[in-house]
Structure formats: structure tokens, C-alpha cells
Amino acid sequence: MSEDSTPPEQASGAVRLVHPGERIGGHDGAEAGHGIRRIDGELVAMRMGTLQENGQTVSVEPLSSRYTPRAGDLVIGLVEGMTNNIWFMDIGASFNAILPMSLAPWKVEFGAVREHLGVGEAVLCRVQEVDETHSAVATMKGMGLRKLKSGMLETIPPHIIPAVIGKGGAMLQTLKDLGDCRIVVGQNGRVWLDGEQDGMREIRSALKLIRDTAHLPGLKERVDALAGE
Amino acid sequence: MGYDNYQCMDANGIREDGRKADEMRPVEIVCGVIPVADGSARIKWGKNEAIAAVYGPMEAHPRKIQRQDRAILDVRYNMAPFSTTDRIRPGFNRRSREIGKVTRDALESVVDLELYPRSKIRVEIEIICAEAGTRCCGITAASVALADAGIPMSDMVVSVAAGKCNGIVLMDLNKPEDNYGEADLPMGILPMTDEIVFLQMDGDLSMEEFKQCWDYNVKAAHDVHAIMVEALRTRYGGDV
């Protein structure tokens, strides 16, 4: 599920950093959202991150996170291994995803999996389903899903993907214009770039800037300034 | 010098390193020192130096160590061969195994393990320079590294050791005080609730002395906690 808005900031522009165990006062009657738990009647932050208030819910936007797969997510996986009829893919989550032969776009003979997709290759695929222990099944049947043959992969923490995409895709367009490259953003924090070396380098600098400062206000201005150089 | 002759304090109540009985050694913490890890921290505590790195959550291998309902913490504590004046032979030793276990028990009491069934979270602690209180440095650095990695926790464990030397109860023992003293009491404390998640004792303490060590440790834990929070906030640019 992709959100295409920048992370919400408090009205005054102030960003409050919280640490695990910090008591969040002054929000009587508020619901505990992600990253917050109610302990002995008090709201307690469970993670290192920025405090978010959305109506009656208080949550913590983490500053560091690992991807948790959800059905429907577009992800970029790296093949780690295979058996005779399935590939095991690293999608940056707690567990590898499996790509069964039946969900691959080619007609694969039993035992001939290596001919189509080898260890270390990158694949654009979609998460078909996730069981209750966070193990995912991936599929390559769908529009645009394919093996990625050229280009390079950049990794960003999954929780800043909304910042990379921007409101209505605005930030993503800025990045595309900056480097004149094709860009695909996987929900698992992997970004695929394909174009000229110089262009890709520019985009990587911009991604680093976003990664380091997404939680501070004024991100758009900073990236525009970088693009203007 | 020697067991019988060591004087931890001079006539003015000042210890060998210039501290009073209820003062701590200087502590510095920096996060993010191992860029390839999910979270990391380096702590300097007096002459101690320790680095902790956290990886995970990840699939728990081998299969037999997996827990179906929660994650497990895989904690490894190790002292580098050059960390002490007498070289420590690299490899397994009982003390490291014990410290790894008590560290794991302390940290498991705050980490939200149920969020990641069948996974494991790797915590690696390496002591670079040892000068009494290394297990405390290790646990404290590991707490910061876990927070840096975004692992959800209900609080951060802070570990400090008080003790007794020449019959005087002292906060935060240094090496000679630990070696020539009568008792040492490392504890792991949750600063938000003052709950204890780790406690070991070596030596003899009366009930009064025990209570005093306890109080010293709780006070020191609050001071160190402030430094831990500051290190985490600095890493991410602080409030704006």
C-alpha cells in the first residue's frame, strides 16, 4: 500500500523526537497508534522516532525500520537460492519470500529454474500473500513485473518511501528529471535506477539527502537546492 | 600494593582517580558507528571502551532455535585479546558465555519480542578496552544499539556497578577497587520505572551496604540514561 504524501509534520513545524520508554503526556483520551503502547494508563513510545498526531491517534514514525511485507506490495527482490521448483528471495524483511515456479512468467521445466533466474539476480515482483508469521509468497505474473537486467539498486529505509515519492509523485518526478533515468521504487526500500552513470550518481546523492533528513521540515526545498546545483 | 594494603581513598575522601565515593566515571556514547549494521553504539566509560552492533530481526537459523510465538535475542559478548594487560586467549570462555546469557535475559525483558515470531535479533558486544564494569558497558551499549536499530522496546536497560572497598560503599567501581575490594554489585535498571532486570553480586555486603549500593546504582543509571538519550537524539538531529 503506497502513500503518496510527505510524512505529516506538526502544525508549528516542530518535530518531536521520542526514545523507547519515553512517556507521552498531554494526550488524554488519545488512542495508541503504531509504535506506542499504553502501560499503566500512560502512553509510552516503543521506538526511536518522531511523534505523530493524527486526530485522536498518537503514533511514532520510526527513524529506522525493517520492511514488513503486505499483500499487494511491489518489491524488488534478490535471489538467494532455489530448489527444483521455487526461488528464495531476499526482500529485506525478517524472512525470505518464495517465488514458486507457477508464479513465474516463463514456462519452466522442473529442475531448470537456474536457467531463468540465478543467484544474485534482481527481480521486480509483487507480494501475493503473507502468512501470520510474516513469510511472503511473491509473484511475477502481472504488468511490468520482470527480471531487472541493467541499472543499479539503491537501498533506503522503508518508512521514508513516502518522502521519496512525494505528494502525488512530485518528489519522484523531481528525481527523474534530476538524473534523466528510469526509477522504480519498491515498497521494501529498494530503488532501481537505470540510465547514464552521471545521472544515477546525482539521484543517489539526492536519495542520501532524503534518507538523512526526511524527518526534518523543508525537504522539498533542500532537494530542489541540490537539483539546482 | 596488594590485597592487604590497597587504600581506595585518601584522607580527604578522594579516590585514586580523583572521584568522591558517590561520583561516576565520565561516560560518552555515540550511535551509528558500524554503518553496515542495523543499529550500533560505542561507549566510553572511564577507560572502558565497548562497541555493540545489532542486526535484525531476521530468520532464526538453525530451525531448532526458533520460537513460534516470539523472536529470540542472540547475544554474544566478547573481550578483544588486547583489551586487558594480560592477553585474553580468543575463543570460547565461560565468563563470556555467562555474561552473554545475563545480558540476553536483561534485554529480553524490554524488547517487544512478540512482534516478530520465528525471528532472531543478533546483538554483538565487543569490549575493546577493559577497566572494570565491562558487562555494564556492554548491556548499556546494547540498549542504545537496539534503539538505534529501531527495535521496539518498552524502556532502555542501563547497567552500572557499585561496590565496597576498604569497608566504604562506592559508586561505579574502577579496576583496583574491583580487584582489591570486598564486594561488587552490577545491576541493570529500567530508568522509567526503576525496575531491576539484572543483578549479580560478588563478595559480602550487609543489608545496609546492599541498600546503599542499590541506591547508588539507581542514581547513576538515571545519569547514564540521559547520556544515552542524548546520543540517540544527536544521531537524528534532535528536535527541530
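Counting restarts for each chain: residues are numbered from 1 in the order of the written sequence. In the order they appear in the text, chains get letters beginning with A and ligands get numbers beginning with 1. Per-residue local features are limited, in this predicted model, to residues with pLDDT of at least 70; the limit for side-chain atom pairs, both in listing and counting, is 80 or more; totals at the level of whole chains, interfaces and linings are taken over all residues. Side-chain calculation: all heavy atoms of the structure are included, whereas hydrogens and water are not.

**Quick notes on the overall build of chain A**
Okay, so step 1: Each helix and strand counted, chain A has five helices and 16 strands in total.
Okay, so step 2: By principal-axis analysis of the C-alpha atoms, chain A measures approximately 65 × 50 × 25 Å.
Okay, so step 3: Type-normalised accessible area, obtained with a 1.4 Å probe on protein chains alone, sets the label of each residue: buried when under 20%, exposed when over 50%, and partly exposed for intermediate values. Evaluated residue by residue, chain A yields a buried proportion of 49% over its 229 residues.
Okay, so step 4: Partitioning the contacts of chain A with sequence separation of at least 6, the portion at a separation of at least 24 is 59%. Every helix listed is a DSSP run of H or I at least four residues long, and every strand listed is a run of E at least two residues long, numbered separately from the N terminus. Whether two residues are in contact is decided by their heavy atoms: any pair within 4.5 Å suffices.

**Comments concerning the domain arrangement of chain A**
Residue and element names in this part refer to chain A.
Okay, so step 1: Per the domain assignment, the segments making up chain A are domain 1 (17–62), domain 2 (74–147) and domain 3 (152–227).
Okay, so step 2: Annotation comment: domain bounds sourced from an automatic or database domain assignment. Inter-centroid distance (C-alpha atoms) of domain 2 to domain 3 is 26 Å.
Okay, so step 3: Note: buried area is the sum, over both parts, of the accessible area (probe 1.4 Å) each one loses when the two are combined. Together domain 2 and domain 3 conceal approximately 740 Å² of surface at their shared face, both sides included; 58% is due to carbon and sulfur atoms.
Okay, so step 4: Whenever Lys or Arg places a side-chain nitrogen within 4 Å of a carboxyl oxygen from Asp or Glu, that contact is recorded as a salt bridge. Summed over the shared surface of domain 2 and domain 3, the result is one salt bridge.
Okay, so step 5: One salt bridge connects Asp 90 with Arg 190, and the closest N-O pair in it is separated by 3.1 Å.
Okay, so step 6: Polar contact criterion, stated in full: a pair of N or O atoms within 3.5 Å, where within protein one must be able to donate a hydrogen and the other to accept it, and residues adjacent in sequence count only if both atoms are side-chain atoms. At the junction of domain 2 with domain 3, the criterion picks out five residue pairs in polar contact (both at pLDDT 80 or more).
Okay, so step 7: At the level of secondary structure, the elements contributing two or more residues to the side of domain 2 that touches domain 3 comprise β8 (74–82) and β11 (122–130).
Okay, so step 8: With five residues, β8 is the single largest residue contributor to the side of domain 2 that touches domain 3.

**Quick notes on the interface of chain B and chain A**
Okay, so step 1: Counting residues at the interface gives 31 residues for chain B and 29 residues for chain A.
Okay, so step 2: Put simply, chain B and chain A have one salt bridge between them.
Okay, so step 3: Asp 112 of chain B is the salt-bridge partner of Arg 37 of chain A, the closest N and O atoms lying 3.0 Å from each other.
Okay, so step 4: Where chain B meets chain A, there are five residue pairs in polar contact (both at pLDDT 80 or more).

**Focus on the side chain of Gln 66 of chain B**
Okay, so step 1: Structurally, the position occupied by Gln 66 of chain B is in the loop between β3 (48–59) and β4 (72–79).
Okay, so step 2: The residues touching Gln 66 of chain B, leaving out its near neighbours within four places in the chain, are Ala 60 and Arg 118 of chain B.

**Re the pairing of strand β10 (residues 97–100) of chain A**
Residues and elements named next belong to chain A.
Okay, so step 1: Two strands pair when backbone bridges link them, and strand β9 (residues 86–90) and β10 are joined in this way by four bridges, in the antiparallel orientation. Residue Trp 87 lies in a different strand from β10, and its bridge partner there is Leu 99.
Okay, so step 2: Turn length for the β9-β10 hairpin, with the two strands adjacent in sequence and antiparallel, is six residues, and the turn residue Gly 92 shows positive phi of about 80°.
Okay, so step 3: Bridge count between β10 and strand β12 (residues 136–139): two bridges; the pairing is parallel. Its bridge partner lying in β12, Ala 97 is registered against Ala 136. Here, strands pair whenever DSSP counts at least two bridges between them.

**Comments concerning the side chain of Lys 120 of chain B**
Residues and elements named next belong to chain B.
Okay, so step 1: Looking at the secondary structure, you find Lys 120 in strand β5 (residues 119–129).
Okay, so step 2: For Lys 120, a relative accessible area of 11% translates into the label buried.
Okay, so step 3: Not counting chain neighbours up to four residues away, the residues in contact with Lys 120 comprise Tyr 55, Gly 56, Pro 57, Met 58, Glu 59, Ala 60, His 61, Ile 72 and Asp 74.

**Focus: the state of the cysteines**
Okay, so step 1: Put simply, a disulfide is two cysteine sulfurs that come within 2.5 Å. For the coordinates displayed, the defined rule picks out zero disulfides over all chains.
Okay, so step 2: Note on Cys 213 of chain B: no disulfide assigned, nearest cysteine sulfur contributed by Cys 165 of chain B at a separation of 12 Å.

**Comments concerning the confidence of the model for chain B**
Okay, so step 1: Summing up the model confidence of chain B, the mean pLDDT is 93 and the portion of residues at 70 or higher is 97%.
Okay, so step 2: Listed scores for the predicted complex are pTM 0.84 and ipTM 0.86. Every residue carries a pLDDT, the predictor's confidence in it, which falls somewhere between 0 and 100.

**Quick word on the sheet that holds strand β1 (residues 17–18) of chain A**
Think of a sheet as strands paired side by side through backbone hydrogen bonds, with each pair either parallel or antiparallel.
Residue and element names in this part refer to chain A.
Okay, so step 1: Spatially, β1-β6-β7-β3 is the arrangement adopted by the four strands of the open sheet, whose pairing is mixed. Across the chains shown, the open sheet's two edge strands, defined by having one partner strand only, are β1 and β3 (31–32).
Okay, so step 2: The sheet contact formed by strand β6 (residues 49–54) and strand β7 (residues 57–62) spans six bridges and is antiparallel. Across the sheet, Gly 49 pairs through a bridge with Pro 62, a residue of β7.

**A short note on helix α4 (residues 197–213) of chain A**
Okay, so step 1: Relative to the 24 Å expected for 17 residues at 1.5 Å per residue, α4 of chain A spans 25 Å between its end C-alpha atoms, a close match to the ideal helical length.
Okay, so step 2: Buried within α4 of chain A are the following residues: Gly 199, Met 200, Ile 203, Ala 206, Leu 207, Ile 210 and Thr 213 of chain A. Here, expected helix span is obtained from the residue count minus one, scaled by 1.5 Å.

**So, the pairing of strand β8 (residues 183–190) of chain B**
Residue and element names in this part refer to chain B.
Okay, so step 1: Judged by how many residues are buried, β8 sits mostly within the fold: eight of eight residues are covered.
Okay, so step 2: Covered by surrounding structure in β8 are Ala 183, Leu 185, Met 187 and Ile 189 together with Asp 184, Pro 186, Gly 188 and Leu 190, the residues of both alternating faces.
Okay, so step 3: As paired strands, strand β6 (residues 158–165) and β8 are joined by seven bridges and run antiparallel to one another. Its bridge partner being in β8, Lys 164 is matched across the sheet by Ala 183.

**A short note on the pattern of salt bridges**
All names here are of chain B.
Okay, so step 1: Summed over the entire model, instances satisfying the criterion amount to 30 salt bridges over all chains.
Okay, so step 2: When the shortest N-O distance is used, the salt bridge between Arg 15 and Glu 177 registers 2.9 Å. With Arg 15 in the segment before β1 (27–31) and Glu 177 in helix α3 (residues 175–180), this pair connects stretches of sequence that are 162 residues apart.
Okay, so step 3: Between Asp 105 and Lys 101 there is a salt bridge, with its nearest N and O atoms 2.7 Å apart. In this pair, Asp 105 and Lys 101 are both assigned in helix α1 (residues 94–108), four residues apart and thus about one turn of the helix distant.
Okay, so step 4: What emerges from the salt-bridge pattern is a single network uniting Asp 17, Arg 19, Arg 25, Glu 131 and Asp 172.

**Some points on unusual backbone geometry**
Residue and element names in this part refer to chain B.
Okay, so step 1: Pro 57 follows Gly 56 through a cis peptide bond whose omega is 5°.
Okay, so step 2: In this structure, Pro 57 sits in strand β3.
Okay, so step 3: For the peptide bond that leads from His 61 to Pro 62, omega is 0°, which places it in the cis range.
Okay, so step 4: Take Pro 62: it is sitting in the loop between β3 and β4.
Okay, so step 5: For Asn 166, which is not a glycine, the phi torsion comes out positive at approximately 55°.
Okay, so step 6: With respect to the helices, strands and loops of the structure, Asn 166 is situated in the loop between β6 and β7 (168–170).
Okay, so step 7: For Asp 172, which is not glycine, the phi dihedral falls at a positive 55°.
Okay, so step 8: Mapped onto the elements, Asp 172 comes out in the loop between β7 and α3.

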